[in-house]
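Overview (structure and organization)
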Amino acid sequence: PPLFVRGTLVHTPVRGEVELLPDQLVAVDEAGTITAVVPGSQEAACLAAHAGRPEDVLRLEANQFLLPGFCDTHIHASQYSYAGTATDTPLMAWLTKYTFPTEARFAADPSFARRVYSRLICRMVACGTTTALFFATLHLEPCQLLADLLEEAGMRAFVGKARLRGGVSMDRHGGPDLYVESTEQAAASAEAFIRYVRAKQLPRLEPALTPRFLPTCTPVLLRALGELAVRYDVAVQSHIRESYDEVEFVGQLEEAGQGASEAEMFDAAGLLTSKASCCSAVFAHGVLLSDAEVALMAARGSAVAHCPLSNAFFADVVLPVAQLLRRGLKVGLGTDVAGGYDISMLGAQRAAVVASRALPLALRLQQEGDPDSLSWRDALWLATVGGARALGLDRVGTLAPGQQFDALLVDGGCGAAYDLFPQSSPLEQVEKFLCCGDDRHIVQVWVQGRPI
Ligand SMILES: [Zn+2]
């Protein structure tokens, strides 16, 4: 049946301007399309025109409002299992230690894959994400499972099978050689995945070609994917210029010897695309893009997924978002779970604002050398011991003998704000709580030994 909602609407048709429309009636047809937005005073006429009755109208209360659903332009579905852990490991080491082994497990253990993906989708929807561009894993079956679960959940999504190249580069840099496929396998399974998703005939679910990033994809594979992009008119996603260690790694690749930039390497393979019929090519991060690369990407109509929280950990650079938008580059926001620990796009919005406020400071410190950043360990110390000492309190701040029992009982497993998976160590569980938890995980509070 058609849907009618009456109340306050909030959206941002123009960047920098919020349009708040009080007391509107929104009519939505059976295909899910908004057919009318009229002042509430015209309810009777609107209902008559759209075959609705007053009792069909969802009436919002005084403090309620409608917002457009959030679009997460960059998230690694399989990494949700360790979101909020290992936040102090550099990118290339983090990939080798956490990402590749976990992603391999998705193929070996289908029940693990199902559990992680189900919880992920549930959590994203609860946080207001209605559309997402997903990185899945290397193996076909778990990617198909993710597509199936997204179909069931009704989310709008683009899903890509991530692919890596085998051989010298990864072996030389300590990557596990179990987690690769040959160029021929990679292209064939990419095509199989496109066909699998398209066979569902769901306009809201699309495949996306997903070369993980240049260090793991040979030029031959990139060209094969570029051909698939044209043949199937399919979206493309990857990472570009995301951190100093990634840029250094790419600089050592054989093909970089010919002097091409990362954007030019993607362009040469036909992967810097823009399409009318589906999403364009979306590249995560781009924090170290040169002016020429920005111009090339803007000319091709490709986009950057800005992932401010992840940038804070891996990039040590702040993306000048407003400047890129002025230069004609499309920019969206992404959580980059688990490079960013927060699954919520509210978190991404907050981080984007805070990061942009820090941009002038970051530029200054960059010129002076190491920015001397804090880890979650430092933050926990600041919130407890540092605070107590600042207040002149010597007997508060730790749980050592002689200290006052001012304490929290934390339930990491209650499932309120985040999910736990079996592979988390006790210390990682603490980190997860500090990154992703909230008041619902704090079940008891004591001051001086008394519950309060
Ligand atoms: Zn990423």
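The model shown is predicted, which means the values in this text are computed figures rather than measured ones.

Observations regarding the overall build of the chain
- Scanning the chain from terminus to terminus reveals 15 helices and 16 strands.
- Its C-alpha atoms give the chain a radius of gyration of 24 Å, near enough to 22 Å, the size a compact globule of 452 residues would have.
- Referenced to the eigenvectors of the C-alpha coordinate spread, the extents of the chain come out at roughly 70 × 70 × 45 Å.
- Considering the chain as a whole, with its 452 residues, one finds that 48% of them fall into the buried category.
- Counted over contacts in the chain with a minimum sequence separation of 6, partners at least 24 positions apart contribute 69%.
- If you sum the accessible surface of the chain, you get close to 21500 Å²; carbon and sulfur atoms cover 57% of it.
- In the chain, 37 positive and 51 negative side-chain charges are present, and the distance between their average locations comes to 2 Å.

Thoughts on unusual backbone geometry
- A cis amide bond, omega 10°, links Val-337 with the succeeding residue Ala-338.
- Along the chain, the position of Ala-338 falls in the loop between β13 (330-333) and α13 (345-368).
- The backbone of Ala-86 shows a phi angle near 55°, a positive value even though the residue is not glycine.
- Mapped onto the secondary structure, Ala-86 falls in the loop between β6 (70-76) and α2 (91-108).
- Residue Ala-86 is classed as buried on the basis of its relative accessible area of 5%.
- Although it is not a glycine, Asp-336 adopts a positive phi angle of roughly 50°.
- Relative to the assigned elements, Asp-336 resides in the loop between β13 and α13.
- Under the relative-accessibility criterion, Asp-336 is labelled buried at 4%.

Points about the state of the cysteines
- Under the defined criterion, the tally for this structure stands at 0 disulfides.
- Residue Cys-217 stays outside any disulfide, its sulfur separated by 14 Å from that of Cys-143, the closest cysteine.
- Left without a disulfide partner, Cys-307 is nearest to the cysteine sulfur of Cys-71, which lies 14 Å away.
- Taking the relative accessible area as the measure of exposure, Cys-307 reaches 0% and is therefore buried.

Some remarks on the packing of aromatic side chains
- For the coordinates displayed, the defined rule picks out 10 aromatic pairs.
- Taken together, a centroid distance of 5.0 Å and an interplanar angle of 40° make the contact between Phe-106 and Tyr-117 tilted. Here the residue Phe-106 occupies a position in helix α2, and Tyr-117 occupies one in helix α3 (residues 110-126), the gap between them amounting to 11 residues. With respect to burial, Phe-106 and Tyr-117 carry one shared label: buried.
- A network of ring pairs unites the aromatic residues Tyr-80, Phe-106, Phe-112, Tyr-117 and Phe-421 as a single cluster.
- The ring centre of Phe-112 lies 3.8 Å from the NZ or CZ of Arg-105, which sits over that ring.

A word on the coordination of the zinc ion
- Taken together, His-74 (NE2), His-76 (NE2), His-239 (NE2) and Asp-336 (OD) make up the protein donors of the zinc ion, found 2.0 to 2.5 Å from the metal.
- Between the 4 donor atoms coordinating the zinc ion, the angles at the centre fall across 86 to 172°, so the site counts as irregular.

Side note on the pairing of strand β1 (residues 3-14)
- Here β1 runs beside strand β2 (residues 17-28); their pairing, made up of 9 bridges, is antiparallel. When the bridges of β2 are listed, Arg-6 appears paired with Leu-25.
- Taken together, β1 and the strand that follows it, β2, pair antiparallel across an intervening segment of 2 residues, in which Gly-16 is found at a positive phi of about 90°.
- Where β1 and strand β4 (residues 57-59) come together, 3 bridges link them in parallel fashion. Of the residues in β4, the one forming a bridge with Val-5 is Leu-58.
- Sheet analysis places β1 next to strand β5 (residues 65-66), joined by 2 bridges and oriented parallel. Looking at β5, one finds that Leu-9 is bridged to Leu-66.

Some details on the environment of Glu-181
- Inspection of the secondary structure puts Glu-181 in the loop between α5 (168-172) and α6 (183-198).
- It is 8.0 Å that separates the C-alpha atoms of Glu-181 and Leu-138, two residues lying 43 residues apart in sequence.

Considerations on the domain arrangement of the chain
- What the domain assignment reports for the chain is domain 1 (3-66), domain 2 (70-368) and domain 3 (376-451).
- Its C-alpha centre places domain 2 at a distance of 33 Å from the equivalent point of domain 3.
- Where domain 2 abuts domain 3, roughly 1400 Å² becomes buried across the two surfaces, and 43% of that area is made up of carbon and sulfur atoms.
- When the area that domain 2 buries against domain 3 is broken down by residue, the three leading residues are Thr-85, Arg-115 and Arg-123, summing to 31%.
- The interface formed by domain 2 and domain 3 contains 3 salt bridges.

Considerations on the packing of helix α4 (residues 140-153) against α6
- Packing of α4 against α6 brings their axes to within 11 Å, and their N-to-C directions diverge by 20°. When the interaxial angle is binned, α4 and α6 end up roughly parallel. Crossing of α4 over α6 shows right-handed handedness. Taking contact as the criterion, the partners of Leu-140, Cys-143, Gln-144, Ala-147 and Asp-148 in α4 are, on α6, Ser-189, Ala-192, Phe-193, Tyr-196 and Val-197.
- Broken down by class, the residue content of the contact of α4 with α6 amounts to 7 nonpolar, 2 polar and 1 charged.

A few points about the confidence of the model for the chain
- Scored by pLDDT, the chain has a mean of 88; 94% of the residues are at 70 or more.
- Per-residue pLDDT, averaged within each element of the chain, yields its smallest value for α5 (30) and its largest for helix α1 (residues 43-49) (97).
- Across residues 165-177, confidence stays below pLDDT 50; counting only partners more than four residues off in sequence or on other chains, it has 28 contacts.

The rules behind each value
Residues numbered from 1 in each chain as written. Predicted model: local features only at pLDDT ≥ 70, side-chain atom pairs only at ≥ 80, totals over all residues. Heavy atoms only, no water. Helix = DSSP H or I, 4+ residues; strand = E, 2+ residues; numbered from the N terminus. Rg over C-alpha atoms; globule rule 2.2 N^0.38 Å. Buried < 20%, exposed > 50% of the residue type's maximum accessible area, 1.4 Å probe, protein only. Contact = heavy atoms within 4.5 Å. Areas by Shrake-Rupley, 256 points an atom, 1.4 Å probe, with all protein chains shown as cover. Lys, Arg positive; Asp, Glu negative; His and termini not counted. Charge placed at Lys NZ, Arg CZ, Asp CG, Glu CD. Disulfide = S-S within 2.5 Å. Phe/Tyr/Trp six-rings, centres within 6.5 Å; stacked < 30°, edge-to-face > 60°. Lys NZ or Arg CZ within 6 Å of the ring centre and 35° of its normal. Donors = N, O, S within 2.8 Å, 3.2 Å for Na, K, Ca; no water. Tetrahedral: all angles 85-135°; square planar, octahedral: opposite > 155°, others 65-115°. Pairing = 2+ DSSP bridges. Domains from an automatic or database assignment. Buried area = accessible area lost by both parts, 1.4 Å probe. Salt bridge = Lys/Arg side-chain N within 4 Å of Asp/Glu carboxyl O. Axes fitted to C-alpha atoms, helices over the stretch in contact; angles between N-to-C directions. Parallel < 35°, antiparallel > 145°, perpendicular 65-115°, else oblique. Left-handed = near helix turned anticlockwise from the far one by under 90°. Nonpolar A, V, L, I, M, F, W, Y, C, P; charged D, E, K, R; others polar. pLDDT = per-residue confidence, 0-100.

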